[in-house]
Structure formats: structure tokens, C-alpha cells
Amino acid sequence: METKLCFSCVQYKPTSCFHKAKKEKDGFQYHCIDCSKKYHAKRYVEQKDKLKVQLKKYKEENKEKLEVASLLWKKNNPDKVKQYQRTSNLRKNFGLSMDEYEQMLAKQNNLCAICEKPETFIHHQTKEPARLAVDHCHKTNKVRKLLCKSCNTALGLFKDDIGVMENAVKYLKDHNG
């Protein structure tokens, strides 16, 4: 195992503890990853406003280049994009992590909380089954359970109004066959 001296903490560490650097003779940065993280965190705190201005300027000056790079990355990493979008959606809309969603899914045995069946809706583009939807109260935003597309849509069409849903059940009982 090769080792290298970190110029910050002055300790010999395995080369796996250093970021690669093509310009350096040995191919690694002078500072270990831990020291590099500490340096950049400290630098960010000390120069936060200046760095924000620099970043904004860089983004403005390189807008087209960054857009092309972003599109290329997205094209080459569709699974990561899909995962990021799903994770971001769960966090932003419901305050859930992917782990929390997966725990709910396992607790429900991958079945809808209302009809107790697996999701049957198939995305027309991906030809894959949709994931169960996160149902939540629109008044309190509290997450309830996971529902299939049909049950989630039905609740939405009934506007979560229990009285209307009870009337619909009564209607079906009175006019069933």
C-alpha cells in the first residue's frame, strides 16, 4: 500500500485518502481528503459572499457551456437523473427521504393502502409500472399512506370529502345490479 504525506495534518496516509491531481508528479493532491474538506468548509464560511458572487459570475459567463454539460450528463446518466428527481420530489413535496418511502412501502407489502393491490399503471414512455403515490392531507400536508394511481386519483376527484364518498358508496349499494 502506497502512502503519502499530507502537507496539512503532516501525517502519512494511504494514497486512497487523497484526491487525484494530474498535474502533480505522484498524481495526487498535497492535502488529504479530510484536510481538503476542512479547508474548503472553513474557506466557504469565511468567504461565503465573495464565493457566491464568483459562482454567479461564472454561471453567467458560461451559461451555454454549463447547459450543454448538464444535458450531456443527464443523457448519459438517466438512472441517476430519475433517482434524483424522485428523491427531490419526495423531500420537497412530502418531507420524506427515500428510505422513509421504502419503509412505508415495505410496511404496506408494496400494496395500495385502499384497494390492497399492487400498482397497475404503466408509464407509456418507460413501459415500467409506476411507484405507489404518497397520499397526504391537503389541509395539514400530513403524509397518510401510499396509494395506487387509481385510488389516489379517486380521492382527489372526491376532494377528500368523506360525505361525498359516503354518498357514492350508498349510490353504488342502491344501484348495484
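Everything here concerns the structure above.
What you see as residue numbers is a count from 1 along each chain, following the sequence as written. With the structure being a predicted model, the display of local features is reserved for residues of pLDDT at least 70 and the display and counting of side-chain atom pairs for 80 or more, all residues being used for whole-chain, interface and lining totals. As a rule here, side-chain values cover all heavy atoms of the structure and leave hydrogens and water aside.

A. Main features of helix H7 (residues 162-174). Think of it this way: any DSSP run of H or I at least four residues long counts as a helix, any run of E at least two long counts as a strand, and we number them from the N terminus. The span one expects for a helix is its residue count, reduced by one, times 1.5 Å. Across its 13 residues, H7 extends 18 Å between first and last C-alpha, which sits within 8% of the 18 Å expected from 1.5 Å per residue. Counting buried positions along H7 yields zero of 13 residues, so the element is predominantly exposed. Relative accessibility under 20% of the residue-type maximum defines a buried residue, over 50% an exposed one, and the middle range a partly exposed one, all with a 1.4 Å probe and only protein chains included.

B. Local environment of the state of the cysteines. A pair of cysteine sulfur atoms is labelled a disulfide when the two atoms are within 2.5 Å. For the structure shown, the criterion picks out zero disulfides. This cysteine, Cys 32, is not joined by any disulfide, and Cys 35 carries the nearest cysteine sulfur, 3.5 Å off. The exposure class of Cys 32 is buried, given its relative accessible area of 1%. Counting only cysteine sulfurs, Cys 112 is the nearest neighbor of Cys 137, a cysteine outside any disulfide, at a range of 17 Å.

C. Representation of the layout of surface pockets. Using a grid of 1 Å spacing that covers the protein atoms alone, one calls a set of points a cavity when a 1.4 Å probe fits there but cannot get out, and a pocket when the set is open and has protein on both sides within 12 Å along at least five of seven lines; lining residues are those with an atom within 4 Å of a point. Grid points are joined across faces, edges and corners, and a volume is the space filled by probe spheres set on the points. Here the largest pocket is characterised by a volume of approximately 440 Å³. Lining of the largest pocket is provided by 18 residues; of these, Lys 82, Gln 85, Arg 86, His 123 and Arg 131 occupy positions nearest its centre. Breaking the lining of the largest pocket down by element, the ones donating at least two residues are helix H4 (78-94) and strand S5 (133-136). Among the elements that line the lining of the largest pocket, the one with the most residues is H4, at eight residues. Only Asp, Glu, Lys and Arg are considered charged in this grouping, and only Ala, Val, Leu, Ile, Met, Phe, Trp, Tyr, Cys and Pro are considered nonpolar; every other residue, Gly among them, is considered polar. Here the residues of the lining of the largest pocket are counted per class, giving seven nonpolar, six polar and five charged.

D. Expanded view of a nonpolar patch on the surface. On the surface, a nonpolar cluster with roughly 250 Å² of combined accessible area is contributed by Leu 55, Tyr 58 and Leu 66. Relative to the elements of secondary structure, Leu 66 occurs in helix H3 (residues 63-76). Each patch is built from residues that are more than 30% exposed by relative accessible area and take part in no salt bridge. Like charges join if they lie within 9 Å; nonpolar side chains (Val, Leu, Ile, Met, Phe, Trp, Tyr) join within 5 Å. Accessibility throughout is a Shrake-Rupley quantity obtained with a 1.4 Å probe, and a residue counts as covered only by protein chains that appear here. One speaks of a salt bridge when a side-chain nitrogen belonging to Lys or Arg is within 4 Å of a carboxyl oxygen belonging to Asp or Glu.

E. Region of the structure containing the nonpolar core. Within the largest apolar cluster, 14 residues are counted, with the highest numbers of intra-cluster contacts made by Leu 90, Tyr 101, Cys 112, Leu 132, Val 134 and Leu 146. No other element matches the four residues that helix H5 (residues 98-107) contributes to this core. Should any heavy atoms of two residues lie within 4.5 Å, those residues are considered in contact. Setting aside residues no more than four positions away along its own chain, Leu 132 makes contact with Arg 86, Tyr 101, Leu 105, Asn 110, Leu 111, Cys 112, Glu 119, Leu 146, Leu 147 and Cys 148. In plain words, nonpolar cores are sets of buried Ala, Val, Leu, Ile, Met, Phe, Trp, Tyr and Cys residues tied together by side-chain atoms within 4.5 Å.

F. Molecular detail of the side chain of Lys 13. Mapped onto the elements, Lys 13 comes out in strand S2 (residues 12-14). Residues in contact with Lys 13, not counting those within four places in the same chain, are Glu 2, Thr 3, Lys 4, Phe 18, Cys 32 and Asp 34.

G. Structural detail: unusual backbone geometry. We note that Lys 127 has phi near 60°; this positive angle belongs to a residue other than glycine. Structurally, Lys 127 is set in the loop between H5 and S5. A relative accessible area of 61% means that Lys 127 is categorised as exposed. The phi dihedral of Asn 141 falls on the positive side, at around 65°, and the residue is not glycine. Topologically, Asn 141 is positioned in the loop between S5 and strand S6 (143-147).

H. The packing of aromatic side chains, seen in detail. Each Phe, Tyr or Trp ring, with Trp reduced to its six-membered ring, pairs with another whose centre is within 6.5 Å; inter-plane angles below 30 degrees give stacked pairs, above 60 give edge-to-face pairs, and intermediate values give tilted ones. For the structure shown, the criterion picks out one aromatic pair. Judged by centre distance (5.0 Å) and plane angle (70°), the rings of Phe 7 and Tyr 30 are edge-to-face. Note that Phe 7 is positioned in the loop between strand S1 (3-5) and S2 and Tyr 30 in strand S4 (residues 28-32), a separation of 23 residues in sequence. Residue Tyr 30 is classed as partly exposed on the basis of its relative accessible area of 41%.

I. Representation of the pairing of S6. Paired strands are those between which DSSP finds at least two bridges. Looking at chain direction, S5 and S6 are connected through three bridges and run antiparallel. Among the inter-strand pairings, Val 134 is bridged to a residue of S6, identified as Leu 146. Hairpin connection from S5 to S6: six residues lie between these consecutive antiparallel strands, with Asn 141 at a positive phi of about 65°.

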